[in-house]
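Structural description and commentary
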Amino acid sequence: MEMNYRRLGRSGLKVSELSFGSWVTYGNQLSEGPARECMAAAYEAGVNFFDNAEVYARGQSERIMGAALKALGWRRESYIVSTKFFWGLNDGPNERNTLNRKYLMAAIDGSLSRLQLDHVDLVFCHRPDPDTPIEETVWAMHDIIRAGKAHYWGTSEWSAAEIASAWQIAERAHLAKPVMEQPQYNLFHRQRVEVEYARLYDDLGLGLTTWSPLASGLLTGKYNSGVPAGSRATLKGYEWLAERIVEPAKIAKVRQLLPIARDLDCTPAQLSLAWCVKNPHVSTVITGASRPEQVVENMKALDVAPKLTPEIMARIDTIFALTGATEE
Ligand SMILES: NC(=O)c1ccc[n+]([C@@H]2O[C@H](COP(=O)([O-])OP(=O)(O)OC[C@H]3O[C@@H](n4cnc5c(N)ncnc54)[C@H](OP(=O)(O)O)[C@@H]3O)[C@@H](O)[C@H]2O)c1
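Only a predicted model underlies this, so the values are computations on that prediction, with no experimental measurement involved. (Residues numbered from 1 in each chain as written. Predicted model: local features only at pLDDT ≥ 70, side-chain atom pairs only at ≥ 80, totals over all residues. Heavy atoms only, no water.)

1. Some remarks on the site of the ligand
Basically, it comes down to this: For this description, a residue counts as near a given molecule or strand if any of its non-hydrogen atoms is within 4 Å of it. Between N or O atoms, a polar contact is any pair within 3.5 Å; within protein, one atom must be a potential hydrogen donor and the other a potential acceptor, and residues adjacent in sequence are included only when both atoms are from side chains. Under the convention used here, a 1.4 Å probe and the Shrake-Rupley method define accessible areas, while residue burial counts only the protein chains that appear. Numbering goes from the N terminus for both helices and strands, where a helix is a DSSP run of H or I of at least four residues and a strand is a run of E of at least two. Just so you know the grouping, Ala, Val, Leu, Ile, Met, Phe, Trp, Tyr, Cys and Pro go in nonpolar, Asp, Glu, Lys and Arg go in charged, and all remaining residues, Gly too, go in polar.
The full set close to the ligand counts 33 residues, and Asp51, Ser212, Ser216, Lys222 and Ser290 are the nearest of them. Take His126: an N or O atom from its side chain is 3.4 Å from an oxygen atom of the ligand. Within the side chain of Lys222, one N or O atom sits 2.6 Å away from an oxygen atom of the ligand. Protein contact buries 96% of the 910 Å² of open area that the ligand shows by itself. By residue number, the principal contributor to the shell around the ligand is helix H11 (residues 292–299), which donates three residues. Residue classes in the shell around the ligand are distributed as nine nonpolar, 18 polar and six charged.

Dropping the structure here:
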């Protein structure tokens, strides 16, 4: 198993093809000990990027990752950490659902303190904010970078038009440009990455750090005969997500993936991750796991990616069409 490193878009930063994130798991399912074991298993496999966000477990995810990094004692230059801002941790009019300057300049200091770091590598605008001019957000991200508190900035789930607008504002004013976007990308959710953003890769040099490659675990096949105890679909507070996971039409498609995985001598999880890695516009596929064993299984997707011939890709396409009913 060999980890490859890809440039994050047009930037010079190299990210591992598979990376590791803490959404849902850190703070809800994992305390610091097991969280650290998952990161260690990922790092051991060559992962150099660990994804986080202010809002995950309301700051607790950053605290856990910060403590884990401290205990692991890796050289700071050997790994990349991110955070993301938008929803906020407080209820004031300038503290939630915003990308205004006042919120962003305070948010970065809060994240760095919880992570026990003096800078993050990547900072994302977690969602677009229609109430703040994009120009104000671009200036704030530029100033965060100039202050040495982050190295690169990007967006998450912004429209192609919003990303292009931010990039052009930065270009005209000689500010730090958005380098990467973080969209959902998996066999059920292809439209944005494969169609909407198509022009941005060459025109702007956009890189992608993609999320939920297993559609929250659905693509592992673990929900094919009901909801297993302890799985994400059983978690309190995530009922909205469980509804999306246990859809019979989706499960019927996952069942059709099993023979392809069998032919390639891999698990459905490995096949689904390898399919994401296969897309050259994806800089890194952010994986998630509630146990170190899952990390170990998932990292072996790197061995499966070279087996995805045009014939195999065509078989997968007949099940998970690019457009139509499979899109959420
Ligand atoms: N920017 C955004 O808006 C955004 C949104 C969502 C996520 N993200 C990022 O993307 C990362 C990955 O997203 P995700 O956690 O949704 O990824 P995912 O790969 O779709 O789901 C991961 C979950 O699936 C289950 N799983 C993983 N591997 C498995 C295996 N081999 N066998 C059985 N079950 C397995 C585990 O849940 P259980 O064991 O609990 O069932 C695990 O926590 C997040 O941590 C976060 O960093 C970003």
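2. Describing the nonpolar core
Just so we agree on the cut-off: To form a nonpolar core, buried Ala, Val, Leu, Ile, Met, Phe, Trp, Tyr and Cys residues must be joined to one another through side-chain atoms within 4.5 Å. Exposed residues in this analysis have more than 50% of their type's maximum accessible area, buried residues have under 20%, and partly exposed residues fall in between, with area computed by a 1.4 Å probe over protein chains only. Only heavy atoms matter for contacts: two residues are in contact if any of them lie within 4.5 Å across the pair.
Core analysis: the biggest nonpolar cluster contains 100 residues, and Phe20, Met39, Phe50, Trp153, Leu219 and Leu271 have the highest contact counts within it. Sequence-distant contacts of Leu219, defined by excluding residues within four places in its chain, comprise Asn186, Leu187, Phe188, Pro213, Leu214, Val254, Leu257, Pro268, Ala269, Ser272 and Phe320. Core analysis: the second largest hydrophobic core is formed by ten residues, Phe49, Phe124, Val179 and Ile286 among them.

3. Digging into unusual backbone geometry
You will see that Arg58, though not glycine, has its phi angle at about 50 degrees, which is positive. Relative to the helices and strands, Arg58 is located in the loop between strand S4 (49–51) and helix H2 (60–72). Look at Asn97: it is not a glycine, yet its phi comes out positive at around 50 degrees. Mapped onto the elements of the fold, Asn97 is located in the loop between strand S5 (80–85) and helix H3 (101–115).

4. Thoughts on the pattern of salt bridges
Opposite charge on two side chains lets them pair, provided their charged atoms get close. Convention followed: Salt bridge criterion: a side-chain nitrogen from Lys or Arg within 4 Å of a carboxyl oxygen from Asp or Glu.
Under the counting rule described, the total for this entry stands at 18 salt bridges. With a closest N to O distance of 2.9 Å, Arg101 and Asp143 form a salt bridge. Separated by 42 residues along the polypeptide, Arg101 in helix H3 and Asp143 in helix H4 (residues 134–146) bring together distant segments of the chain. Residue classification places Arg101 among the partly exposed residues on the basis of a relative accessible area of 34%. By relative accessible area, Asp143 is classed as partly exposed at 22%. The closest approach of N and O atoms between Arg190 and Glu194, which form a salt bridge, is 2.8 Å.

Structural measurements only, silent on function.
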